[in-house]
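Descriptive structure summary
Chain residues, written in single-letter form:
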Amino acid sequence: QLQLVESGGGLVQPGGSLRLSCPASGSTLDYYTIAWFRLAPGKGREGVSCHRKWDNSKHYGDSVKGRFTVSGDNVKDTVYLQMNSLIPEDTAVYYCAAARAYLDDTACLLDRYFDIWGQGTLVTVSA
């Protein structure tokens, strides 16, 4: 059974950077779409980015395009989210999630398609 445990969250000043990690345990990430979601206070869960190991393809939500980069390490079986130029609106609990299917760009940012979730890691952007 695949399990995900995020790490890398913390407090950062506006304009700063963080890198989140999502290593797999119990199974490999082969044949999974991996996505990052975030949940901010008073808001619904938002799809941030997704990564598909089959073809190393990626997709991003509009609010993070050009600032966030998702990548995968096949040796470590880990997906990363590099977050640059952080703004206070990026403050949220960030989750990685897995779906055992190839999800297209629309589906891969919708939480209802994912059934395996990590516990979340808090990112706070504040001066």
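Above this text is the structure in question.
Below you will find a few notes about this structure. (Residues numbered from 1 in each chain as written. Predicted model: local features only at pLDDT ≥ 70, side-chain atom pairs only at ≥ 80, totals over all residues. Heavy atoms only, no water.)

**Points about the environment of Cys22**
- For Cys22, the position within the fold is in strand S3 (residues 18-25).
- For Cys22 and Gln119, which are 97 residues apart along the polypeptide, the C-alpha to C-alpha distance reads 11 Å.
- Not counting the four nearest positions on each side in its chain, Cys22 is found in contact with Leu4, Val5, Trp36, Asp77, Thr78, Val79 and Cys96. (Helix = DSSP H or I, 4+ residues; strand = E, 2+ residues; numbered from the N terminus. Contact = heavy atoms within 4.5 Å.)

**Quick look at empty space enclosed by the protein**
- Scanning all chains against the criterion turns up 1 cavity of 30 Å³ or more.
- Taken as a whole, the largest cavity spans an internal volume of roughly 50 Å³.
- Elements supplying a minimum of two residues to the lining of the largest cavity: strand S7 (68-73) and strand S8 (78-83).
- When the residues that make up the lining of the largest cavity are grouped by side-chain class, the tally is 4 nonpolar, 4 polar and 3 charged. (1 Å grid on protein atoms, 1.4 Å probe; cavity = no way out; pocket = protein on both sides within 12 Å on 5 of 7 lines; lining within 4 Å. Points joined across faces, edges and corners; volume = space filled by probe spheres on them. Nonpolar A, V, L, I, M, F, W, Y, C, P; charged D, E, K, R; others polar.)

**Concerning the pattern of salt bridges**
- Scanning the entire structure with this criterion turns up 8 salt bridges.
- Arg38 serves as the salt-bridge partner of Glu46, at 2.9 Å between the closest nitrogen and oxygen.
- We classify Glu46 as partly exposed; its relative accessible area is 29%.
- You can call Arg38 buried: its relative accessible area is 6%.
- The partner of Asp90 in a salt bridge is Arg38, and the shortest N-O contact between them spans 2.9 Å. Here Asp90, found in the loop between S8 and strand S9 (92-99), pairs with Arg38, found in strand S4 (residues 33-39); they are 52 residues apart in sequence, far enough to count as distant.
- Overall, Asp90 belongs to the buried group, its relative accessible area being 1%.
- Within this structure, Arg38, Glu46, Arg67 and Asp90 form a network of salt bridges that share partners. (Salt bridge = Lys/Arg side-chain N within 4 Å of Asp/Glu carboxyl O. Buried < 20%, exposed > 50% of the residue type's maximum accessible area, 1.4 Å probe, protein only.)

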